[in-house]
Every structure is written in structure tokens, then in C-alpha cells.
Amino acid sequence: SFSYLFIFFGVFLLPRFFRFHYGPVFRKTISLAIKIQVILISLIFLSLLAFGWGSGLFVRNQYNQFSNNVITDKLSSIELELKGKIGNRKHLSIEENGNFLQTVLKKLSKVFKTDINLYDEQGFLIATSRSKLFNIGLISEQMNPEAIYAFKVEKNSRFIQDENIGELSYASAYLPYFNQNKQLIGFLNLQHFGQQQEFEDQVQQFLVSIINVFIFLLVLSIIVALLISNWLTSPLRIIQDNFTKLQFGKENAPIIYEKEDEIGALVKAYNSKLQELVFTAGQLAKSERESAWREMAKQVAHEIKNPLTPMKLSVQQMIRVFDPTDPGSVEKLKKVTASIIEQIDALSLIANEFSNFAKMPLPQESNFDLLPLIENVVEVFREESGCILEVNTSLNRVEINADRDQMIRVFNNLIKNAIQSIPTDKAGLICIVLSETKNQWIIEISDNGVGIPENERDRIFVPYFTTKSTGSGIGLAMIKQIIENHRGAIYFRSEIDKGTTFRVELIKTL
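Keep in mind that this is a model prediction, so the values were computed, not measured.

Some remarks on the overall build of the protein
- Along the backbone of the protein there are 11 helices and 12 strands.
- Split into buried and exposed, the 510 residues of the protein put 36% on the buried side.
- For the protein, long-range pairs separated by at least 24 residues make up 64% of all intrachain contacts whose partners lie at least 6 apart in sequence.
- Counting every atom, the protein has about 32,200 Å² of accessible surface; 58% of that belongs to carbon and sulfur.

Here is the structure:
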């Protein structure tokens, strides 16, 4: 019962087992552990199958050899019994000896539990222990021609073969019968019925035993294959986990593996490349920082130099033409002074924004509802913008853990940028949509402005890059830094003359 149940459930679970290890992405790929298990189990299965097949052949040959020996012994015994009764005869015939031999053979048949036939030297039947088989025509009264050929042509001393009556197969043994003068006077035939049934019974018992042993060993082989595959692939899984956790620019722990084998060489190569990666990442980050600061310095210098030249010219001109006694000169001095103060304020604004961006304080996080904050920001811009501002959401509460002031700056800048992107000859429409996923809040701010040109989209979050005629170009860079400091993300999509949508993703409060 155990063997049948194991085979049934094994066949039933096999497709599910492979379906579990097949994925939608790696549909044509089988893991290394499964390959090792399949190979080990297949080798053991084929070995056990070959062992069972070889054992079956061995049992069959052994039984045939045993049966032949039994038949040979019976033939020899029957031959000795007949020599005491007809050993002095020179010739045997059915007319002279048929009835007597019939009686003798029936007695011997009961003793030796087998059918006995006696043929003359020409191969014709003289007497039999079971005359009914010949009377109804199941067996010919002439001896098998192959036996005659074996004795008279090949000069064999004994001949045994399998013969059939319909579907019944039995062993038939032939022996030349000599009288006391060593003269051939006939052929003795022994028919061993029931051999096939005995053989099938033995084979069946053997198969039952071998199947139980086979299934037991197969179960052990599966367990061993699972243990071996897990043992062999465990270092690879460690490497896989480390590769999965590998992050560029962050601290990555090396793999600890002390064995000196192929996996150890792979681990050493990984750890070596990891050190190179850390060094390269540091160099790259340093280079990127230096490049970013150089670019930012150029932008700041450009912004500062623009007002300095007219300021210098104005002061020089004023020095040359200023006359304290001239009321017009005094008035002109006031205008020049006001212009210089305005430019100084602009320079101060640039310096303050640069300082705020370079030294962005860490967020002072607290739990609050983002929805009323966004609605308040929208109300501030709704009256003075001249645009239609809509807030669409089915959410009742958007709970986040963040710096409230920095979130106000984020949505102030995004809504202000959306308003400024709309041309003056177009009715502005700005739509703010709030939705959610399992772990995130999604805020999308869409406008119907001019859109962002394709060649400028890669630099949209670069500090001091702007597509507007006014502004410092630091707003979106500051927004991106604030969102990332809050473990969020910001993206955008844009179409020329159709508008732009900025998407902000923030983590839900647990």
C-alpha cells in the first residue's frame, strides 16, 4: 500500500512541483537545485531499474536452470525404472508393448508428478501417461522434429525445449533410451506442466519484494538528493542574496566563505570586485559632486555677474556727472541707489537660496494629514493665479510622517511652476489628484501648459537649470532633495503644448 500511495501522490505532485519552480519571467529556466535533484534521482532511479531488470533476468535464468536440473533428474530416474522393466528388449512397438508400457508410465507419472511419453527409434508414440492429450489431437503422436534432429544429426545426449499447447507453455525434455546392450530402442519424453505458473508466482513474489525495496530506496534517494542539492547550492544562494542586496554607492558587506573550492574562488572574486566597486563608487561620487558643484558655481557666478556690470557702470557714470548743487543729479542719485539696492536684494536672494539648497536641514518629521495642507496651498494660489485649480480624490485622510514646512515648500513650488508654465493667452487648468497603493500615497499635479522640451527633460532637476525667464532654477532641485530625504520619489511626464504632470510618491505612515 505504501508503494502504491507513494507512486500515486508522486505522479500527482510532480507537475505542481515544477509549476512552483517555474516563474512567469523564467518560464524556460529550471533552477540549479532542481537540476541536481533531477539528475541524482534519475541516476538512482535508472540504477534501481537496471538492478530490478537484471535481478528479474537472474531469477528467470536461475529458475530455468533449476527446472532443467529437476527435469534431468526425473528423466534419469525414470530411465532407471524402465531399464528394470524393459531393459532386455531389443525392439519396442505399440502392438507388443503398448498396453504394458502405458500402465508402467501411468504409475511412474504419479510417482514423479509429470507426464511421460515413450517413442520408438523412428519417433512414433508407443505409450503415454496421459493418452487423452493425443486422443483429442492436442499433441501429435510423432516426436518433435527438432528433438529428432538434435539426436540423430547433432548427436546430443539430451534435449530440453519449451513447447506449447495453445497458450500453455511447458518444458519438454527428451532422452534417448538404450537397452542393456547399449542399443537405441526409443526416446523418452518428459512433459513438465505447471512450470509457467510456478515461475510467474515466483517472479510475482520477487517483484513485490523488489518494488517495496525500490520505492523505499527511491524515497531515501529523494531525501538525500534534496539534502545534497541544498548543501551544494547553499553557497550559491548566499551569493545570490548578496547580489540582490548589492546597491551602488552604499556599504555592502563581503561574503564570508572559508572553504577553498570553486565557490570559494567565486566568493573571493566577488569580494575583490566589491572592494573595487566601493572604491570606484567613491571616486565616481566624488567626481559627480565636484562636477555638480563646479556647474553650480558657474551658474551662481553667472547669476551674480549679470547685475554687477550694470551696477558698476551706473556707479561710474554717477561719479562722473554728479553735481551736489544740481537738483537733477540728486534725483538721479536716488534712482541709481534704488536700482543698486534692488540688484543687491536679488543677489542676496540668490545667495540665500544657494545656502538653503547646500545646507538643506534634516526633516523634522511628525504625523499629519497631507490632504488639508494641499487644499490650503491651493487656496493661496487660486485667487491670484487666474487659473482653475482642482483637487480630486476619494480619500478622506492622507496620513504621512514628514516635515510639514518642507511639504508646504514642495507643493508651493510645484503649483507655482504649473501656473507659470501656462501661456497668458490660454485658460489655465491645474488638477491635483490624490490616490493610494498598498504602501504609498500618490499625488499628481497636472497642468495644460507649454510642456517641457525633449532636450531639456534630463536636466529638469539639475540645480540652477530653468526654462523660465525669471527665477533661480533651484526650485525643482530643492523639491527632489526634500522628497528623497523623506524616502519618497518624484517623476514627471510631459507633452509639448499639452502640459506636464509631476508625480510625487510618499510612504504611508505605518
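A word on the sheet that holds strand β7 (residues 388-393)
- One open sheet accounts for five strands, arranged β7-β9-β10-β12-β11; its pairing is mixed. The outermost strands of the open sheet, each flanked by one partner alone, are β7 and β11 (489-495). The mean inter-strand angle of the sheet, taken between neighbouring strand axes irrespective of direction, is 15 degrees.
- Judged from the seven bridges that link them, β11 and strand β12 (residues 499-507) form a sheet pairing that is antiparallel.

Some thoughts on the pattern of salt bridges
- Counting across every chain of the model gives 12 salt bridges.
- The structure contains a network of salt bridges with shared partners spanning Glu444, Arg493, Arg503 and Glu505.

Examining the pairing of β12
- With seven of nine residues buried, β12 lies mostly within the body of the structure.
- The sheet contact formed by strand β10 (residues 440-447) and β12 spans seven bridges and is antiparallel. Its bridge partner lying in β12, Ile445 is registered against Phe502.
- Counting the residues between successive antiparallel strands, the hairpin from β11 to β12 contains three residues, one of them, Asp497, with a positive phi of roughly 65 degrees.

Looking at the sheet that holds strand β4 (residues 168-178)
- If you walk across this open sheet you meet the five strands as β2-β1-β5-β4-β3, and the pairing is antiparallel. Only two strands of the sheet have a single neighbouring strand rather than two, namely β2 (125-128) and β3 (159-165). With strand direction ignored, the average angle separating the axes of adjacent strands in the sheet is 25 degrees.
- Both strand β1 (residues 115-120) and strand β5 (residues 184-192) contribute to a ladder of six bridges, which runs antiparallel. Bridge pairing links Leu118 to Leu188 in β5.
- Here helix α3 (residues 94-112) sits on the sheet in contact with β1 and β2, set at roughly 35 degrees to β2.

So, a nonpolar patch on the surface
- A surface patch of nonpolar side chains, about 530 Å² in accessible area, is lined by Val213, Phe216, Leu217, Leu220, Ile223 and Leu227.
- Take Ile223: it is sitting in helix α6 (residues 195-245).

Side note on the nonpolar core
- Leu370, Ile400, Met407, Phe411, Leu414, Ile430 and Ile443 are the most contacted members of the largest nonpolar core, which totals 40 residues.
- Secondary-structure elements contributing two or more residues to this core are α9 (370-385), β8 (399-402), α10 (404-420), β9 (429-436), β10, α11 (475-485) and β12.
- Among all residues touching Ile430, those that are not within four sequence positions of it are Cys387, Ile388, Leu389, Glu390, Ile415, Ala418, Ile419, Ile422, Ile445, Ser446 and Asp447.
- Among the nonpolar cores identified, the runner-up in size contains 22 residues, and Ile78, Leu101, Val104 and Leu118 belong to it.

Comments concerning helix α5 (residues 145-152)
- All buried positions along α5 are accounted for by Ala147, Ala150 and Phe151. What you see down the axis of α5 is that its buried residues fit within an arc of 95 degrees, all on one side.
- Those residues of α5 hidden inside the fold are in contact with β3, β4 and β5.
- Sitting at the head of α5, Asn144 places a side-chain oxygen 2.9 Å from the backbone nitrogen of Glu146.

Describing the packing of aromatic side chains
- Applying the stated criterion to the full structure yields three aromatic pairs.
- Geometrically, the ring pair formed by Phe151 and Phe187 is stacked, given 5.4 Å between the ring centres and 20 degrees between the ring planes. In this pair, Phe151 is assigned in helix α5 and Phe187 in strand β5, connecting sequence segments 36 residues apart.
- Using a relative accessible area of 2% as the deciding quantity, one classes Phe187 as buried.
- Arranged with centres 6.4 Å apart and planes meeting at 35 degrees, the rings of Phe159 and Tyr174 form a pair that is tilted. Here the residue Phe159 occupies a position in strand β3, and Tyr174 occupies one in strand β4, the gap between them amounting to 15 residues.

So, the environment of Arg493
- Looking at the secondary structure, you find Arg493 in strand β11.
- By relative accessible area, Arg493 is classed as partly exposed at 48%.
- Expressed as a C-alpha distance, the spacing of Arg493 and Ser446, which sit 47 residues apart in the sequence, is 9.4 Å.
- In this view, Arg493 contacts Glu444, Gly499, Thr500 and Thr501; residues no more than four positions away in its chain are not counted.

Conventions used here
Residues numbered from 1 in each chain as written. Predicted model: local features only at pLDDT ≥ 70, side-chain atom pairs only at ≥ 80, totals over all residues. Heavy atoms only, no water. Helix = DSSP H or I, 4+ residues; strand = E, 2+ residues; numbered from the N terminus. Buried < 20%, exposed > 50% of the residue type's maximum accessible area, 1.4 Å probe, protein only. Contact = heavy atoms within 4.5 Å. Areas by Shrake-Rupley, 256 points an atom, 1.4 Å probe, with all protein chains shown as cover. Pairing = 2+ DSSP bridges. Axes fitted to C-alpha atoms, helices over the stretch in contact; angles between N-to-C directions. Salt bridge = Lys/Arg side-chain N within 4 Å of Asp/Glu carboxyl O. Patch = residues over 30% accessible without salt bridge, like charges linked within 9 Å, V, L, I, M, F, W, Y side chains within 5 Å. Core = buried A, V, L, I, M, F, W, Y, C linked by side-chain atoms within 4.5 Å. Arc of directions from axis to C-beta. Polar contact = N/O pair within 3.5 Å; in protein donor to acceptor, adjacent residues only side chain to side chain. Phe/Tyr/Trp six-rings, centres within 6.5 Å; stacked < 30°, edge-to-face > 60°.

Keep in mind these values describe shape, not function.
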